[in-house]
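Summary of structural features
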Amino acid sequence: MSTVLPRMPAPGHPSRSGHPDPTAALLRTRIEAGTYAPGTRITLTELGTVIPEAPRSRLREALDQLAAEGLVTASAGLWRCPDHRPPDHAVTRTHRLLASMIDHGAYPAGTALPTRHLLATILMTDDPGDVRGALGRLADERVIQLAGHARPRALAAPPGAPVRIAWPSGSNSVQAALPTALRPGADSDRVTLGRAACAARARVRSGISPAPDILTDQELRIAYVVRVLVTRAYEKTAGTDTGVLPKVRSAAARVMACHALPPGEPHERQFRLAVLATALRDLVDALPRPRTRGWPDSPFTADIWSTHVY
């Protein structure tokens, strides 16, 4: 869902800010607000949906003006948001998320982590090098053990570090690791969570984030679903060692790891929301279905997801 900006003043009329080019002013606002992830291409088609009054010629002129100011880069008729992040920023993000998952009990000491291909899916990276780099850092930190082509294995916490207890470790610790549900959100409908995960991942790949107030609303609403599902997961798996426990534990730890990460810029917040939405979908898929009508396959009003997540 694109955020439509306020109607642009008519040609020849100055904006309220006094800027001579209202189109460039609106584009500057979007860029400075972090709408575009670093390195994202800014297309005339996308801009035409948020500034429908501006013809393409004016959009081109505005982008060229911003390129002259250094706010965007221009090459061969293409404009992009500059990317000043360190070259290893994706490895750092992957490492931080996986380390937090292990700290939250996703993979107890001695157990094997998923395959590298599955880890790439879980950690939402399309570059196998990000996973390799993250695993290498975790091995150097003695969090995991690497042995050739074998799957990495989690190690016990080193002396002096907090003990990594296999989830679930206790209802109090689980509740403390979850975000506060400040606003009612969508329930745990299987189809709706699947749609939300696909939409959130597509938004991350597009590199275009919604306005900060929409992101905040998503975070508040998704907190409700997080508490419902993770609490239910704890109740379903506490004291058991069933076949579903590893999948439930991994998805629940991913949720709690996301909550522990700093939100950062809008594109980082959008990334975290996409990981959360995917983890919630995986969690409801992994949980046993109770023999009662209405959960988790019955349809319900999905207006909240369609309005605030898609």
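Residues numbered from 1 in each chain as written. Predicted model: local features only at pLDDT ≥ 70, side-chain atom pairs only at ≥ 80, totals over all residues. Heavy atoms only, no water.

Here we look at the packing of helix α8 (residues 190–206) against helix α11 (residues 266–286)
Where α8 contacts α11, the axes come no closer than 8 Å and their chain directions differ by 150°. Comparing the axis directions of α8 and α11 gives the class roughly antiparallel. Crossing of α8 against α11: the hand is left-handed. Each of Arg190, Leu193, Gly194, Ala196, Ala197, Ala200, Arg201, Arg203 and Val204 in α8 lies in contact with α11, whose residues at this interface are Gln270, Phe271, Ala274, Ala277, Thr278, Leu280, Arg281, Val284 and Asp285. (Axes fitted to C-alpha atoms, helices over the stretch in contact; angles between N-to-C directions. Helix = DSSP H or I, 4+ residues; strand = E, 2+ residues; numbered from the N terminus. Parallel < 35°, antiparallel > 145°, perpendicular 65-115°, else oblique. Left-handed = near helix turned anticlockwise from the far one by under 90°. Contact = heavy atoms within 4.5 Å.)

Brief notes about the side chain of Thr40
Relative to the helices and strands, Thr40 resides in the loop between α1 (22–32) and β1 (41–42). When sequence neighbours within four positions are dropped, the list of residues in contact with Thr40 reads Trp79, Arg80, Cys81, Ser206, Gly207 and Ile208.

Brief notes about the environment of Arg269
Relative to the elements of secondary structure, Arg269 occurs in helix α11. The spatial distance from the C-alpha of Arg269 to the C-alpha of Glu219 is 8.8 Å, given a sequence separation of 50 residues. Not counting residues up to four positions away in its chain, the partners in contact with Arg269 are Pro212, Leu215, Thr216, Glu219, Pro263 and Gly264. At a separation of 2.9 Å, a polar atom in the side chain of Arg269 contacts the side chain of Thr216. (Polar contact = N/O pair within 3.5 Å; in protein donor to acceptor, adjacent residues only side chain to side chain.)

Section: the packing of aromatic side chains
Evaluation of the coordinates by the stated rule reveals zero aromatic pairs. The ring centre of Phe271 lies 3.8 Å from the NZ or CZ of Arg93, which sits over that ring. (Phe/Tyr/Trp six-rings, centres within 6.5 Å; stacked < 30°, edge-to-face > 60°. Lys NZ or Arg CZ within 6 Å of the ring centre and 35° of its normal.)

Quick look at the sheet that holds strand β3 (residues 78–80)
By definition, the strands of a sheet pair up through backbone hydrogen bonds, in either a parallel or an antiparallel sense. Reading across the sheet, the three strands line up as β1-β3-β2 and stay open at both edges, with antiparallel pairing between neighbours. In this open sheet, the two strands that pair with only one neighbour each are β1 and β2 (73–75). Bridge count for β2 against β3 is three bridges, and the pairing is antiparallel. Paired with Ser75 across the bridge in β3 is Leu78. (Pairing = 2+ DSSP bridges.)

Some details on the confidence of the model for the chain
Averaged over all residues, the pLDDT of the chain is 79; the fraction at 70 or higher stands at 80%. Per-element confidence in the chain ranges from a low mean pLDDT of 36 for helix α12 (residues 303–308) to a high of 95 for helix α6 (residues 128–140). Low pLDDT (under 50) marks residues 1–19, which in the prediction has 35 contacts with non-local residues, meaning those over four places away or in another chain. This stretch, residues 291–310, has a pLDDT under 50; its non-local contacts, to residues over four places away or in other chains, come to 50 contacts. (pLDDT = per-residue confidence, 0-100.)

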